[in-house]
Amino acid sequence: MAYTNALSAYKETRIRTASPGQLIVMLYDEAVKQLDKGLELLSLNKSNKQDPSRIEVIGKAIIKARDIVTELMVSLDFEQGGEIAQNLFALYTWFNKELLEAHIAMDIARIGAVKNQLADLRSAWVDIAVKTNSENRPVEGVNIAG
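### Points about the overall build of the chain
For the chain, the helix and strand inventory stands at five helices and zero strands. Shown N-terminal to C-terminal, the secondary structure of the chain runs as helices and strands in the order α-α-α-α-α. Here the chain holds 146 residues, and 30% of them are scored as buried. For the chain, the accessible area works out to roughly 9,800 Å², and carbon and sulfur atoms hold 57% of it.

### Re the pattern of salt bridges
Summed over the entire model, instances satisfying the criterion amount to seven salt bridges. Lys60 is the partner of Glu56 in a salt bridge, and the nearest nitrogen-oxygen pair spans 3.4 Å. A residue pair is termed a helical-turn pair when its members lie 3 or 4 positions apart in one helix, as Glu56 and Lys60 do in helix H3 (residues 52-74) at four residues. On the accessibility criterion, Lys60 (49% relative accessible area) is partly exposed. Between Glu98 and Arg110 there is a salt bridge whose closest N-O contact spans 2.9 Å. Within this pair, whereas Glu98 is found in helix H4 (residues 78-105), its partner Arg110 is found in helix H5 (residues 108-136), the two being separated by 12 residues in sequence. With a relative accessible area of 11%, Glu98 lands in the buried category. Overall, the relative accessible area of 24% leaves Arg110 in the partly exposed class. Linked by salt bridges that have partners in common, Lys97, Glu98, Glu101 and Arg110 make up one network.

### Quick word on the confidence of the model for the chain
In this model, the chain carries a mean pLDDT of 85, and residues with pLDDT of at least 70 account for 80%. Within the chain, no element has a lower average pLDDT than helix H1 (residues 2-16), which sits at 64, and none a higher one than H4, at 96. Here residues 138-146 scores under 50 on pLDDT; set against residues more than four positions off or in separate chains, the count is zero contacts.

### Let's talk about the nonpolar core
Core analysis: the largest hydrophobic core is formed by 30 residues, its most contacted members being Tyr28, Leu35, Tyr92, Phe95, Ile111, Leu118 and Trp125. Ranked by residues supplied to this core, first place goes to helix H2 (residues 20-47) with nine residues. When neighbours within four sequence positions are excluded, Phe95 is seen to be in contact with Val69, Val114, Gln117, Leu118 and Leu121.

### Some details on the packing of H3 against H4
Between H3 and H4, the shortest axis-to-axis distance is 9 Å and the interhelical angle comes to 165°. With respect to H4, the axis of H3 lies roughly antiparallel. Our pair here, H3 against H4, has a crossing hand that is left-handed. Facing Gly59, Ile62, Ile63, Ala65, Arg66, Val69, Thr70, Leu72 and Met73 of H3, the residues of H4 in contact are Phe89, Tyr92, Thr93, Phe95, Asn96, Leu99, Leu100 and His103.

Reading the values: the criteria
Residues numbered from 1 in each chain as written. Predicted model: local features only at pLDDT ≥ 70, side-chain atom pairs only at ≥ 80, totals over all residues. Heavy atoms only, no water. Helix = DSSP H or I, 4+ residues; strand = E, 2+ residues; numbered from the N terminus. Buried < 20%, exposed > 50% of the residue type's maximum accessible area, 1.4 Å probe, protein only. Areas by Shrake-Rupley, 256 points an atom, 1.4 Å probe, with all protein chains shown as cover. Salt bridge = Lys/Arg side-chain N within 4 Å of Asp/Glu carboxyl O. pLDDT = per-residue confidence, 0-100. Contact = heavy atoms within 4.5 Å. Core = buried A, V, L, I, M, F, W, Y, C linked by side-chain atoms within 4.5 Å. Axes fitted to C-alpha atoms, helices over the stretch in contact; angles between N-to-C directions. Parallel < 35°, antiparallel > 145°, perpendicular 65-115°, else oblique. Left-handed = near helix turned anticlockwise from the far one by under 90°.

Here's what the structure looks like:
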């Protein structure tokens, strides 16, 4: 019980102290994680006997990933982001459409394609977050006052 509370507190602190870029990376991480989970279980269902409880978990994982993509959509700043924000919005819209259709069809290839593209975007956001953090970090000098 104490471990669960400590882990929960750590996660909450990590989120509260994260930069906007780091939060976006966290969203991508969770979306990719959910799609990996769904793909793994879907592969088991395709190779073994269908398990109704597995289907529910697969569906929940895909829905969570879609919710995260929607969150990424609403976080876009069209004024500052301009054409990049518009392109990301179109891409996120496509991701949600693909995931919806893939969920209905339980299509491993389509889910995998979205997951791979989210992972690629995540890598780009990691670079952006690192660059932004290093640019915004205050320069610390040496105190020679004694």
